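A closer look at the structure
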Amino acid sequence: MKLLTNGCSFTQGIYDNFEEQDAWPYQLGKLLDWDVVNLAEGGGSNARIFRTTMEYLLDNTPDYAAIVWTEHARYELPYHTGDIIRVMHSMALPEQDETVDDIPELREFWYKHCHNELASQQRTVYYISCIRMILEGKSIPYTMSSSFDIDTNEPFDNWLCPGSSMQTELAHLPKADNHGHPDIEGQTLWANLMLESINETLRTTR
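Residues numbered from 1 in each chain as written. Predicted model: local features only at pLDDT ≥ 70, side-chain atom pairs only at ≥ 80, totals over all residues. Heavy atoms only, no water.

Moving on to the packing of aromatic side chains. One pass over the structure, following the stated rule, counts six aromatic pairs. Summarising the aromatic geometry, the rings of Y75 and Y111 are spaced 6.2 Å apart at their centres and angled 65 degrees between planes, so their arrangement reads as edge-to-face. One end of the pair, Y75, is in strand β4 (residues 75-78); the other, Y111, is in helix α4 (residues 104-113), with 36 residues separating them in the sequence. Each member of the pair Y75 and Y111 is classed as buried. One aromatic cluster is present, formed by F50, Y126 and Y127 through successive ring pairs. (Phe/Tyr/Trp six-rings, centres within 6.5 Å; stacked < 30°, edge-to-face > 60°. Helix = DSSP H or I, 4+ residues; strand = E, 2+ residues; numbered from the N terminus. Buried < 20%, exposed > 50% of the residue type's maximum accessible area, 1.4 Å probe, protein only.)

Once that is clear, we can look at helix α5 (residues 117-137). Relative to the 30 Å expected for 21 residues at 1.5 Å per residue, α5 spans 30 Å between its end C-alpha atoms, a close match to the ideal helical length. Looking only at α5, the buried set comprises A119, S120, Q121, T124, V125, Y127, I128, C130, I131, R132, I134 and L135. Of the surrounding secondary structure, the elements contacted by the buried residues of α5 are α3 (46-59), β3 (64-69), β4 and β7 (142-146). Backbone nitrogen of L118 and a side-chain oxygen of the N-cap are separated by 3.1 Å at the start of α5; the cap is N116. (Expected span 1.5 Å × (residues − 1). Contact = heavy atoms within 4.5 Å. Polar contact = N/O pair within 3.5 Å; in protein donor to acceptor, adjacent residues only side chain to side chain.)

The next thing to look at is the sheet that holds strand β5 (residues 84-87). With antiparallel pairing, the three strands of this open sheet are ordered in space as β4-β5-β6. Either end of the sheet is taken by a strand with one partner, and the two such strands are β4 and β6 (92-94). Averaged over neighbouring strand pairs, the angle between their axes works out to 25 degrees when direction is ignored. With three bridges connecting them, β5 and β6 associate as antiparallel partners. (Pairing = 2+ DSSP bridges. Axes fitted to C-alpha atoms, helices over the stretch in contact; angles between N-to-C directions.)

Let us now look at the environment of L189. Among the structural elements, L189 can be located in helix α7 (residues 184-205). By relative accessible area, which is 30% here, L189 ends up partly exposed. Expressed as a C-alpha distance, the spacing of L189 and L173, which sit 16 residues apart in the sequence, is 9.6 Å. Residues in contact with L189, not counting those within four places in the same chain, are E169, L170, H172 and L173.

Let us now look at unusual backbone geometry. Residue D33 is not a glycine yet carries a positive backbone phi of 60 degrees. Relative to the helices and strands, D33 is located in the loop between α2 (24-32) and β2 (35-38). A residue is classified by how much of its surface remains accessible, and D33, at 68% relative accessible area, is exposed. The residue S139 is not glycine, and still its phi comes out positive at about 55 degrees. Here S139 shows up in the loop between α5 and β7. Using a relative accessible area of 62% as the deciding quantity, one classes S139 as exposed.

Structural data, given as structure tokens:
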């Protein structure tokens, strides 16, 4: 059995003094005894989650998908070097060139002149809806959720902790670093919440 996961750093699980295999996708894989394909990338936007999930699903059919969307104000932009830049309020990171840890002039220009809050929220709803359609079209059961609270009234099916997020549900637990990433205890709790959702989804769809 194969589990597909995607998201941002909350799902990738690479922080200071933190092993990637401790992140919730790999803990969940061990609980299920399934192989894990984790496409998550720190600083990734919902556009990146949409793009990489869609690319994977066009050629692959996992047994289950667990997608944790991120904050809608992040972007990915084409760059003159041919790279893709992950743009967020705190930094702008090239996807391929790991020697660059920020492009401040691009980031500052984008949020000053180009960012649109409503359009960002609408794009998030669009990305979620499209991924739901391809998963359902390929008969792949799934659970979705969010790293951060999504400011939208759009109702979503198969949503873990409706109206909440990883950030909110794990707020009372220790953090892995000063950026607020969940520590192993939080990752374990989220893996178990996902496990309950997967078992319930599979029970009702079989």
